[in-house]
Structure formats: C-alpha cells, structure tokens
Amino acid sequence: MPSEARSKRLEAVSTHPLAELLACPPATGSLLTASAQMISFSSGETIFSQSGACQGLYLVVSGQLMRRTERLSMRVTLGMARQGDLVELAAALGDRVHTYTLIAQTPGSVLLLPIDALQQAFQSYPPLRMRLLEELAREVSRAYHLCTLTNLSRARRRGPSAVIA
C-alpha cells in the first residue's frame, strides 16, 4: 500500500480531540459539568470490574491505568489508558456492562460522567451520542490495525516458509 494511502487510512482512525467529541449546546454542557464526579485512586486499585454495571463514561485526568479482561479462562492485557483517554465507551453507549477491568498502575484520578446525565444529554442533543459512537468505531479500527501489524510482524519473523492459515 502506498505511504500516502496508508497515511490517510491512519488519519481516519486517529483519536479526535476531546473538546470536539464532547461539544454540545450550553444547556447540555452545563448538565454534564454539574453531574461530573472526580474519582481519585491509588496504585493497584480497581476502578471498575469486567461484567460489572457501568456507572458512566470515564475520562482519565491523571495516572496510568491497565485494561485487563478474561476471555476463555485466560487473562488478557488490552493495553494502557492514559491522561486524556475516554474509557469504556462501549459499555457507556451499549448495554452498560463493563467489557474489561480497569486497574490503576499509578496514583491518579478520573472524571466520571454519570450514565443518567449522559442519557439526558443524548436525549437533548443526539449528535453527542453519534460523535461518541464514531469515536468507538475509530477505537475498534485502531485496535484491529494494531492486531494486524502484530500478526504481520510475527509472520515476517517466522520467515517465508511459515504457513499462514
């Protein structure tokens, strides 16, 4: 794939600025601001657990967090969440059940936008939900792209005689 085409493809799935994702009319913004809760945590603390009820959308303010899940009796590390990351879009926008466990690697804090306030914001300003759904789609695309690169590099290390099924 030519580098220009690859660059445009990567740009399409890049993270969008938080201010752009959460932009909404003043009344909706005030609702979200008034309901937001700051949650501080210590290293090793579990912020939320897989299969638990989602309390809302989390924004990492400070610290470093590890995403971990259990699939088919295996513990899988999904990656890190850092300052500025929106965490658990899938649960907040979907069935409200956490898809992974979030564990603090360093002390820090997250800002929680409670699920009830989010639902009210989505009702009063539907484009907000659509922008967050688009960001979730980009997040899935980034993860797919990373997995593809990882699999390609493994295949290259095995050499030309490796059979890829």
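Relevant structure appears above.
Throughout, residues of each chain are indexed from 1 in the direction in which the sequence is written. Restriction of local features to residues with pLDDT of at least 70 applies here, the model being predicted, together with a cutoff of 80 or more for giving and counting side-chain atom pairs; totals for whole chains, interfaces and linings are based on all residues. Hydrogens and water are ignored here; the side-chain numbers use all heavy atoms of the structure.

(A) Molecular detail of the overall build of the protein chain. When you go through the protein chain residue by residue, the secondary structure sums to six helices and eight strands. Helix and strand definitions follow DSSP, with helices as H or I runs of at least four residues and strands as E runs of at least two, each counted in order from the N terminus. Mapped in sequence order, the helices and strands of the protein chain form the string α-α-α-β-β-β-β-β-β-α-β-β-α-α. Burial status follows relative accessibility: with a 1.4 Å probe on protein chains alone, a residue under 20% of its type maximum counts as buried, one over 50% as exposed, and anything between as partly exposed. Out of the 165 residues belonging to the protein chain, those deemed buried represent 30%. Here, two residues are considered to be in contact whenever any of their heavy atoms come within 4.5 Å of each other. For the protein chain, long-range pairs separated by at least 24 residues make up 75% of all intrachain contacts whose partners lie at least 6 apart in sequence. For every accessible area listed, the method is Shrake-Rupley and the probe measures 1.4 Å; residues are considered covered only by the protein chains on display. Total accessible area computed for the protein chain in this model is approximately 10,000 Å², and 57% of it derives from carbon and sulfur atoms.

(B) Local environment of the sheet that holds strand E2 (residues 46–48). One bridge is not enough; two strands pair if DSSP finds at least two bridges between them. In spatial order, the strands read E2-E7-E4-E5; together these four strands make up an open sheet with antiparallel pairing. Looking at which strands have only one partner, the edges of the open sheet turn out to be E2 and strand E5 (74–81). Direction aside, the axes of adjacent strands within the sheet are offset by 30° on average. The pairing of strand E4 (residues 65–71) with strand E7 (residues 101–104) spans four bridges and is classified as antiparallel. If you follow Arg67 over to E7, its bridge partner there is Leu102. Axis definition: a line fitted to C-alpha atoms, limited for helices to the stretch in contact. Angles are taken between N-to-C directions and run from 0 to 180 degrees.

(C) Focus on the side chain of Thr101. Here Thr101 lies in strand E7. Residue classification places Thr101 among the buried positions, given a relative accessible area of 16%. Within the structure, the side chain of Thr101 is placed 2.9 Å from the backbone nitrogen of Gln50, a separation counted as a polar contact. Ignoring any residue separated from it by four or fewer positions in sequence, one finds Thr101 in contact with Thr46, Phe48, Ser49, Gln50, Met66, Arg67 and Arg68. By the criterion applied in these results, polar contacts are pairs of N or O atoms within 3.5 Å in which, for protein atoms, one can donate a hydrogen and the other can accept it, and in which residues neighboring in sequence qualify only through two side-chain atoms.

(D) Structural context of the nonpolar core. Membership of the largest hydrophobic core comes to 18 residues, with the highest contact counts inside it found for Leu57, Leu118 and Leu132. Elements with a minimum of two residues in this core: strand E3 (56–62), helix H4 (89–93), helix H5 (115–124) and helix H6 (126–158). The biggest single contributor to this core is H5, with five residues. Listed in part, the 13 residues of the second largest apolar core include Phe48, Val60, Leu65 and Tyr100. Remark: nonpolar core denotes a set of buried residues (Ala, Val, Leu, Ile, Met, Phe, Trp, Tyr, Cys) joined through side-chain atoms within 4.5 Å.

(E) Focus on the sheet that holds strand E6 (residues 86–87). With respect to topology, four strands assemble into an open sheet ordered E1-E8-E3-E6, the strand pairing being antiparallel. The open sheet has two edge strands, strand E1 (37–41) and E6, and neither has a second partner. As judged from the two bridges shared by E3 and E6, these two strands associate in the antiparallel manner. Bridge assignment links Tyr58 to a residue of E6, and that residue is Val87. Strands in contact with H5 are E3 and strand E8 (108–114); relative to E8, the strand with the most contacts, it is inclined by about 50°.

(F) Representation of the pairing of E8 within the structure. The buried fraction of E8 amounts to six of the seven residues, a majority that puts the element mostly inside the structure. Relative to E8, E1 is paired through five bridges, and the arrangement is antiparallel. From the neighbouring strand, Ile39 faces E8, where its bridge partner is Val110. Relative to E8, E3 runs antiparallel, the two being bridged by six bridges. Its bridge partner lying in E8, Leu59 is registered against Leu111.

(G) Main features of the packing of aromatic side chains. Between 30 and 60 degrees the pair is tilted, below 30 it is stacked and above 60 it is edge-to-face, where a pair is any two Phe, Tyr or Trp rings, Trp via its six-membered ring, whose centres lie within 6.5 Å. Summed over all chains, the structure comprises two aromatic pairs. Taken together, the aromatic side chains of Phe48, Tyr58 and Tyr100 make up a single cluster linked through ring pairs.

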